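Descriptive analysis of the structure
The primary structure of each chain is shown beneath.
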Amino acid sequence: MRRRLAFSIAVLGCAVSVSAFADFRAEFAEVKGDNGHALTRIEVSGSRMRMDSGNVSMLVDAASGSILMLMRDKQQYMDMGKMAQSMNAMLASVPPQMREMMKERMAAHGHGGAAVTYAPTGRTETVAGYSCAVYSVNVGTNHSGDSCLADISSAGIDAADQATVRKVFEDLRAMAQTASAGMASSSLNQIPVGKFPVLMTRYDAGKVVEVTQIKDVTRGAIASTDFAIPAGYSEMQMPAFGAPH
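Residues numbered from 1 in each chain as written. Predicted model: local features only at pLDDT ≥ 70, side-chain atom pairs only at ≥ 80, totals over all residues. Heavy atoms only, no water.

Section: the overall build of the protein
Note the threshold: Secondary structure follows DSSP: runs of H or I at least 4 residues long count as helices, runs of E at least 2 residues long count as strands, and numbering of each begins at the N terminus. Here the term buried applies to any residue with accessible area under 20% of the maximum for its type, exposed to any over 50%, and partly exposed to those in between, with areas from a 1.4 Å probe on protein chains only. Residue contacts follow a heavy-atom distance rule, with two residues in contact if any of their heavy atoms lie within 4.5 Å.
Each helix and strand in the protein was counted, giving four helices and twelve strands. Of all 245 residues assigned to the protein, the portion counted as buried reaches 44%. Look at the contacts in the protein between residues 6 or more apart in sequence, and 60% of them connect residues 24 or more apart.

A word on the confidence of the model for the protein
One rule of thumb: low pLDDT means the predicted coordinates there are not for detailed reading. Applied cut-off: On a range of 0 to 100, pLDDT expresses the predictor's confidence in each residue.
Confidence in the prediction of the protein, expressed as mean pLDDT, is 77, and 70% of residues score 70 or more. Within the model, pLDDT remains below 50 along residues 1–21, and this stretch shows 66 contacts once partners closer than five positions in the same chain are excluded. For residues 183–189, every residue scores under 50 in pLDDT, and the model assigns this stretch 30 contacts once sequence neighbours within four places are set aside.

Considerations on unusual backbone geometry
Positive phi, close to 50°, is recorded for alanine 128, a residue that is not glycine. Summarising the element assignment, alanine 128 is placed in the loop between strand 7 (116–127) and strand 8 (130–139). In this structure, alanine 205 takes a positive phi of about 55° despite not being glycine. Within the fold, alanine 205 resides in the loop between strand 10 (195–204) and strand 11 (207–219).

Things to note about the pairing of strand 3 (residues 48–53)
Note the threshold: Should DSSP find at least two bridges between two strands, the strands are taken to pair.
The element strand 3 is largely enclosed, with a buried count of five among its six residues. When strand 2 (residues 39–45) meets strand 3, the two strands line up antiparallel, connected through six bridges. Its bridge partner being in strand 3, glutamate 43 is matched across the sheet by arginine 50. Here strand 2 folds back onto strand 3, and the loop between the two strands holds two residues, one of which, glycine 46, carries a positive phi near 60°. As paired strands, strand 3 and strand 4 (residues 56–61) are joined by six bridges and run antiparallel to one another. Note that in strand 4 the partner of arginine 50 across the bridge is leucine 59. What sits between strand 3 and strand 4 in their antiparallel hairpin is a turn of two residues, with glycine 54 showing a positive phi close to 65°.

Below, the structure written as structure tokens:
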């Protein structure tokens, strides 16, 4: 799930900065694959951003730095900032030799901070009415997917929303660095400036396993409840280091 989530975030990382804010919602549909983990929605309102993927929602407030993960099927949530601090404290006590071994294993599984790059293929398509250019998405030397990118102005996404998205990804990157105690880093937010994904294809061992396409883009007020912990949800606690599982 972590790799799928990282890919979803990577293809959505757009960046510029301005001063005013507006509300924005983009909805996506999985057109191939049935694993239930594809990106379905991203919302931005002021400094807050929500991203839904399967039964998981990420709620981030770029102003306060709050990062929450909702597990809607379990009616639980996790404070990712607290989780990162707990993981940092746990890993800080690991002996140096074991830290190096863990770092090597994380890198082998794609969590070692390999650069995410977008390479133009020269191909163009029209997806849901958007003209887009196809880019190869690579994590290190691994071709992890393709993304068809349209001009961001054609999607009606203003610079204020882009600024919020940029700050959200900076917070997520910092959280990943904290949680790994410096053993891993994130290379998100590498999408070409001024572009917006309308078709995302993910590969596993060279085979297409998931295709997600833009379904609808709307502007207008988004309910504040979309960015809040729903009533009845309980907080999932991180187990103490050394505690039995």
